[in-house]
Amino acid sequence: SEADINNMLRSYEDGRYEDAERLARSITKRFPTHQAGWKILGVVLGQTGRMLEALVAQKKAVALAQEDAESQTNLGLMLQKLNRLEEAEASYRQAIICKPDYIDAHYNLAITLQGLGKLEESEVSYTRTIKLKPDFAEAHNNLGSAQYELGRLEEGEVSYRKAIELKPDYALARYNLGNTLSELGRLEEAQRNYREAVALKPDYVEAHYNLGNCLKQLGQLKGSEASYRRAILLRPDFPEALSNLGNTLQELGRLVEAEISHRKALELTPEFSEGYNNLGSTLKELGRLEE
């Protein structure tokens, strides 16, 4: 009945997943050819981490209503989470055939294509998403990432700036813009954006690390040291940060501390060839030439 369906939907929308699952299972048992029960069951199972069970339910929902763009997209999301990207791509494309203006399908297709390395196709899908929803900050940011991967840094910069204009507290876009500006050699601008990213998200490990790299290139070694130490505090098993901290300490003339940092990096990653090279440089300065 309509009351059964509405009760199940309300339970899901209110976050009462156990109730929603119980009602969905009841509906699928009593009315196995009614799509709504399978659709909600699949979404609830996905929300609660039971991915393979969710996939079975989502496939059943799609089989019962292949023209339902939302179900096709839900199936695509599940396949995407399971890293079955080619299948996810097919589901999103089918959703778009069913509903050409379905923003979620275009956006998630773009993400999937980017994950598959189909960057030009991904760029087209992000552009279509933005055409349907011009104020979609995440789509502008991801378009910038595709353009960055394609080596079109100036276009990526424009996309990231648009994302930030739409969402000023968007730490990821600030970080991505910092990376682009760093690649373009505009280090002062890059370090300002990294600082904005860590101000917005103090536990942003990668932003602290890249701020350290940027400050080191600018010759601001004390600031670089502080940024590397912050990254390591947040992620102690970060060999690149430990090794680059070692390089900074070496430039500061603190060779014993530099050696300790390089050795910690190599303890974490014994196959880290750059780490051995950096340790060798420090040992050479210490006069321990055999080592």
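Described in the following lines is the structure provided in the data block. Values in this document were obtained by computation on a predicted structure and should not be read as measured data.

The next thing to look at is the pattern of salt bridges. On inspection of all chains with the given rule, the structure shows 31 salt bridges. Its salt-bridge partner being Arg 25, residue Glu 53 comes within 3.6 Å of it at the nearest N-O pair. Highlighted residues: Glu 53 in helix 4 (residues 51-64) and Arg 25 in helix 2 (residues 17-30), separated in sequence by 28 residues. The exposure class assigned to Glu 53 is partly exposed, which follows from its relative accessible area of 41%. Taken together, the salt bridges that share partners define one network made up of Asp 14, Arg 16, Asp 19 and Arg 22.

Attention shifts here to the side chain of Gln 147. You can see Gln 147 is positioned in helix 9 (residues 137-149). Overall, Gln 147 belongs to the buried group, its relative accessible area being 6%. Contacts of Gln 147, omitting those with residues within four sequence positions, involve Glu 123, Arg 152, Glu 155, Gly 156 and Ser 159.

With that settled, consider helix 9. The end-to-end C-alpha distance of helix 9, which contains 13 residues, comes to 19 Å, matching closely the 18 Å that a straight helix rising 1.5 Å per residue would cover. Taking burial as the measure, the 13 residues of helix 9 include ten buried ones, the bulk of the element. Those residues of helix 9 not exposed but buried are Ala 137, Ala 139, His 140, Asn 141, Asn 142, Leu 143, Gly 144, Ser 145, Ala 146 and Gln 147. In this structure, the buried side of helix 9 is in contact with helix 7 (103-115), helix 8 (119-132), helix 10 (153-166) and helix 11 (171-183). Of the residues trailing helix 9, Gly 151 is marked for its positive phi of about 85 degrees.

Next up on the list: the packing of aromatic side chains. A complete count under the given rule lists seven aromatic pairs for this structure. For the ring pair Tyr 12 and Tyr 17, a centre distance of 5.7 Å and an interplane angle of 35 degrees mean the geometry is tilted. Ring geometry for Tyr 209 against Phe 238: centres 4.8 Å apart, planes inclined by 45 degrees, an arrangement best described as tilted. Taken as a pair, Tyr 209 in helix 13 (residues 205-217) and Phe 238 in the loop between helix 14 (221-234) and helix 15 (239-251) lie far apart in primary sequence, 29 residues in all. Note on Tyr 209: relative accessible area 15%, which makes it buried. Taken together, the aromatic side chains of Tyr 107, Tyr 126 and Phe 136 make up a single cluster linked through ring pairs.

Put simply, helix 16 (residues 255-268) and helix 17 (residues 273-285) touch, their axes get as near as 9 Å, and they point 160 degrees apart. Overall, the two elements helix 16 and helix 17 adopt an arrangement that is roughly antiparallel. In this structure, helix 16 crosses over helix 17, and the sense of that crossing is left-handed. On helix 17, the residues touching Leu 255, Ala 258, Glu 259, His 262, Arg 263 and Leu 266 of helix 16 are Gly 275, Tyr 276, Asn 278, Leu 279, Thr 282, Leu 283 and Glu 285. Residue composition of the contact of helix 16 with helix 17, by class: six nonpolar, four polar and three charged.

Before going further, it helps to examine the environment of Leu 143. As for its placement among the helices and strands, Leu 143 is situated in helix 9. Its relative accessible area of 9% is what places Leu 143 among the buried residues. Once the C-alpha coordinates of Leu 143 and Gly 156 are considered, the two residues, 13 residues apart in sequence, prove to be 7.3 Å apart.

This part takes up helix 4. Over its 14 residues, helix 4 runs 20 Å from end to end, which matches the ideal 20 Å to within 8%, given 1.5 Å per residue. Burial in helix 4 covers these residues: Ala 54, Leu 55, Ala 57, Gln 58, Ala 61 and Val 62. As for helix 4, its buried residues are in contact with helix 3 (35-47) and helix 5 (69-81).

Reported here for the largest pocket is a volume of approximately 380 Å³. Taken together, 21 residues make up the lining of the largest pocket; nearest its centre are Tyr 12, Val 43, Gln 58, Glu 70 and Asn 74. Elements that contribute at least two residues to the lining of the largest pocket include exactly helix 1 (2-13), helix 3, helix 5 and helix 7. Per-element tally for the lining of the largest pocket: the top contributor is helix 3, with seven residues. Tallied by class, residues from the lining of the largest pocket come to nine nonpolar, seven polar and five charged.

Conventions we followed
Residues numbered from 1 in each chain as written. Predicted model: local features only at pLDDT ≥ 70, side-chain atom pairs only at ≥ 80, totals over all residues. Heavy atoms only, no water. Salt bridge = Lys/Arg side-chain N within 4 Å of Asp/Glu carboxyl O. Helix = DSSP H or I, 4+ residues; strand = E, 2+ residues; numbered from the N terminus. Buried < 20%, exposed > 50% of the residue type's maximum accessible area, 1.4 Å probe, protein only. Contact = heavy atoms within 4.5 Å. Expected span 1.5 Å × (residues − 1). Phe/Tyr/Trp six-rings, centres within 6.5 Å; stacked < 30°, edge-to-face > 60°. Axes fitted to C-alpha atoms, helices over the stretch in contact; angles between N-to-C directions. Parallel < 35°, antiparallel > 145°, perpendicular 65-115°, else oblique. Left-handed = near helix turned anticlockwise from the far one by under 90°. Nonpolar A, V, L, I, M, F, W, Y, C, P; charged D, E, K, R; others polar. 1 Å grid on protein atoms, 1.4 Å probe; cavity = no way out; pocket = protein on both sides within 12 Å on 5 of 7 lines; lining within 4 Å. Points joined across faces, edges and corners; volume = space filled by probe spheres on them.

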